[in-house]
Amino acid sequence: MAQHIKTAVEQMLAPFLEREGFELVDIEYVKEGSNWFLRVFVDKEGGIDIDDCGRISEFLSERLDEKDPIPTAYFLEVSSPGAERPLKKPQDFVRAVGKHVFITTYEPVDGAKEFEGTLLSCDENQLVVLAANKKTEIPVGKVASARLAILF
């Protein structure tokens, strides 16, 4: 059901976001405690502000009221993905080349399941990360999660 809702929300939002110059980063439909949350993460060149989030939220709220794809009560949240933006789509990885990333894998790669370092390159089959002065080639199929990471 969650995937169906995420797909429906993406279809409602895509034309508006494209027209307005926004990028859909991620959609979450999750239960926390007794409450359901529909979270939409959006970005644009130069970042988004509270007014952008308000416009997107208002647009989406109206469409959700019209189409009513969610059978239960929920809270709608529209926000920026933040500094530690998730990397999910191929273009996310391309944009992250040269940046500091944190990647986890489903199974060990060269004896480790967590990699934090610089993303040196990527293609459809693998990511190359420089972590702890060691280059590691990570098969894309083994990536459990990936995000930008803040370097302190």
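Just so you know, these numbers come straight off a predicted model, no measurement behind them.

Draft legend 1. Quick peek at the side chain of His100. Structurally, His100 is set in strand 4 (residues 100–109). What makes His100 buried here is its relative accessible area of 18%. Looking at His100, its side chain comes within polar contact range of the side chain of Glu116, at 3.0 Å. When near neighbours in sequence (up to four residues on either side) are disregarded, His100 contacts Glu116, Gly117, Thr118, Leu148, Ala149, Ile150 and Leu151.

Draft legend 2. Spatial organisation of the packing of aromatic side chains. Applying the stated rule across the entire model yields three aromatic pairs. Between Phe16 and Phe59, the ring centres sit 4.1 Å apart and the planes meet at 10°, which makes this aromatic pair stacked. Of this pair, Phe16 sits in helix 1 (residues 2–20) while Phe59 sits in helix 2 (residues 50–67), placing them 43 residues apart in sequence. Given the relative accessible area of 8%, Phe16 is considered buried. Between Tyr29 and Trp36, the aromatic rings sit 4.6 Å apart at their centres with planes inclined by 15°, giving stacked as the arrangement. Across from the ring centre of Phe37, 4.6 Å away, lies the NZ or CZ of Arg39, which sits over that ring.

Draft legend 3. Representation of the layout of surface pockets within the structure. By volume, the largest pocket amounts to about 330 Å³. Lining the largest pocket are 16 residues, and of these Leu87, Lys88, Phe93, Val140 and Val143 sit closest to its centre. Among the secondary structure elements, those contributing two or more residues to the lining of the largest pocket are helix 3 (90–96) and strand 8 (143–148). When residues in the lining of the largest pocket are grouped by element, the largest group, four residues, is from strand 8. Residue composition of the lining of the largest pocket, by class: eleven nonpolar, one polar and four charged.

Draft legend 4. Here's a closer look at the sheet that holds strand 5 (residues 112–122). Pairing is antiparallel in the open sheet, where five strands are placed in the order 7-6-5-4-8. A strand with exactly one partner marks an edge of an open sheet, and here the two such strands are strand 7 (134–139) and strand 8. Across this sheet, the average inter-strand angle for adjacent strands is 40°, counted without regard to direction. As judged from the six bridges shared by strand 6 (residues 126–131) and strand 7, these two strands associate in the antiparallel manner. Considered in strand 7, the bridge of Ala131 is made with Lys134.

Calculation notes
Residues numbered from 1 in each chain as written. Predicted model: local features only at pLDDT ≥ 70, side-chain atom pairs only at ≥ 80, totals over all residues. Heavy atoms only, no water. Helix = DSSP H or I, 4+ residues; strand = E, 2+ residues; numbered from the N terminus. Buried < 20%, exposed > 50% of the residue type's maximum accessible area, 1.4 Å probe, protein only. Polar contact = N/O pair within 3.5 Å; in protein donor to acceptor, adjacent residues only side chain to side chain. Contact = heavy atoms within 4.5 Å. Phe/Tyr/Trp six-rings, centres within 6.5 Å; stacked < 30°, edge-to-face > 60°. Lys NZ or Arg CZ within 6 Å of the ring centre and 35° of its normal. 1 Å grid on protein atoms, 1.4 Å probe; cavity = no way out; pocket = protein on both sides within 12 Å on 5 of 7 lines; lining within 4 Å. Points joined across faces, edges and corners; volume = space filled by probe spheres on them. Nonpolar A, V, L, I, M, F, W, Y, C, P; charged D, E, K, R; others polar. Pairing = 2+ DSSP bridges. Axes fitted to C-alpha atoms, helices over the stretch in contact; angles between N-to-C directions.

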